[in-house]
Amino acid sequence: MSQLKKVLVHESKPISAGIILTFNIPSFDTIDDVVLEFTNSGAAATLTNIKSGIGKVALNINGEQVINVPFTRLCDVYSSLGVEVTQNVVNCLGLNIGRYLFKDSNNEDFFAWGCSNIQTIQLQVYCNSTVTGLTDLQVSTVRRSTAQALGSYIKIINYPQTMASTGISTVDTLPRDNNEAYLEILAHNGGGAITGGECVVNGNSIYDPISQALNDYIVNARGLSAVSGNFNYSFSDGSIKGVLPMMGVTELRLKTTFGTAPTSGVYDLIAVSIRNVPEVMLKAVSA
């Protein structure tokens with residue numbers, strides 16, 4: 001069956017300081033990606049100006065929060081893809097980023113948004129109080145002419161954490177829904193310095209206490225990319241088996257060590273997960 005990819009331009013809105021831009025994205029076919037294009041009076045905006053002018057991106061599907069993350073951290077997730085993408089972020093960035101963690105494009109297609117049972121897709125982009133060199137935002141989609149249901153999809157959610165000193169920040173409050181699995185969880189240093197991390201699931205060590213340097217090596221060795229300022233609790237190696245399912249999990253504990261405290265006493269914890277895990281992935285994990 002044909003998998004022709006269509007690129008459709010939907011709407012453009014002017015950017016100004018302090019406003020929230022709301023886009024209602026048409027629901028039809030199957031959506032592989034929603035792409036944001038930032039411009040400055042018709043020319044490509046610089047990434048520096050986009051990062052300084054855009055605060056947060058939020059995407060809701062049928063009223064459920066699928067993406068809620070600072071724009072700069074969304075860029076970090078994109079950068080963590082390493083060799084899975086072939087260019088750096090410039091002035092265009094897609095929102096269905098997590099699907100590109102998979103090396104096989106057939107696996108990627110598990111995580112498109114089939115629109116046959118989607119009523120609403122709403123995107124909100126929050127502008128900071130100061131905006132420079134940034135005038136317009138255009139939203140486009142990449143689609144296929146198929147009529148599948150929503151099914152499995154990628155979520156990218158920020159869970160901000162408090163950490164006002166050096167030492168270990170322990171987090172055991174991330175969602176542990178049976179129908180969800182984690183691909184990676186990025187702890188950003190918040191302007192401080194992370195020296196290491198540990199991950200425990202149901203009393204078993206998934207990540208022994210390791211250094212930032214060893215974590216960077218592990219991530220790079222999997223064909224992904226270590227991103228400056230982040231400790232990546234990566235559970236993905238690009239294969240269909242590379243996930244951490246939450247089925248039966250009662251304890252998910254992250255212990256991130258700060259050698260220098262975050263400058264404002266908080267740091268971002270970005271979870272990239274799969275909602276409604278495909279059966280083929282659960283079978284692969286259990287095999």
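Basis of the calculations
- Residues numbered from 1 in each chain as written.
- Predicted model: local features only at pLDDT ≥ 70, side-chain atom pairs only at ≥ 80, totals over all residues.
- Heavy atoms only, no water.
- Buried < 20%, exposed > 50% of the residue type's maximum accessible area, 1.4 Å probe, protein only.
- Helix = DSSP H or I, 4+ residues; strand = E, 2+ residues; numbered from the N terminus.
- Pairing = 2+ DSSP bridges.
- Phe/Tyr/Trp six-rings, centres within 6.5 Å; stacked < 30°, edge-to-face > 60°.
- 1 Å grid on protein atoms, 1.4 Å probe; cavity = no way out; pocket = protein on both sides within 12 Å on 5 of 7 lines; lining within 4 Å.
- Points joined across faces, edges and corners; volume = space filled by probe spheres on them.
- Nonpolar A, V, L, I, M, F, W, Y, C, P; charged D, E, K, R; others polar.
- Salt bridge = Lys/Arg side-chain N within 4 Å of Asp/Glu carboxyl O.

(A) Inspection of the pairing of strand S17 (residues 230-234) at higher detail. Of all five residues that make up S17, five are buried, and the element is covered over most of its length. Here S17 shows no split at all, with Asn230, Asn232 and Ser234 on one side and Phe231 and Tyr233 on the other all buried. Of the strand pairs in this sheet, strand S14 (residues 180-188) and S17 are connected by five bridges, and their pairing is antiparallel. In the sheet register, glutamate 184 faces S17, and the bridge partner there is serine 234.

(B) Structural detail: the packing of aromatic side chains. Counting across every chain of the model gives eight aromatic pairs. With 5.6 Å between their ring centres and 80 degrees between their planes, phenylalanine 38 and phenylalanine 71 make a pair best called edge-to-face. Remark: phenylalanine 71 occurs in helix H2 (residues 71-79) and phenylalanine 38 occurs in strand S3 (residues 30-40); sequence separation between them is 33 residues. Members of the aromatic cluster, connected to one another through ring pairs, are Tyr207, Phe231, Tyr233 and Phe235.

(C) Examining empty space enclosed by the protein more closely. This model, assessed by the stated rule, comprises one cavity of 30 Å³ or more. Volume-wise, the largest cavity comes out at about 40 Å³. Lining the largest cavity we find Leu186, Asn215, Asp216, Val219, Ser225, Ala226, Val227, Asn230 and Asn232. Elements with a contribution of two residues or more to the lining of the largest cavity: helix H4 (212-221) and S17. When residues of the lining of the largest cavity are assigned to their parent elements, the largest contribution, three residues, is made by H4. Here the lining of the largest cavity is composed, by residue class, of four nonpolar, four polar and one charged.

(D) View of the pattern of salt bridges. Under the defined criterion, the tally for this structure stands at 17 salt bridges. Of the charged contacts, one joins arginine 275 and aspartate 177 as a salt bridge, the two residues approaching to 2.9 Å between their closest N and O atoms. One end of the pair, arginine 275, is in strand S21 (residues 269-275); the other, aspartate 177, is in the loop between strand S13 (167-171) and S14, with 98 residues separating them in the sequence. Given the relative accessible area of 32%, aspartate 177 is considered partly exposed. Between glutamate 180 and arginine 275 there is a salt bridge, and its shortest N-O distance comes to 3.0 Å. Of this pair, glutamate 180 sits in strand S14 while arginine 275 sits in strand S21, and the two are 95 residues apart along the sequence.

So far we have only geometry, and geometry alone does not tell us how the molecule works.
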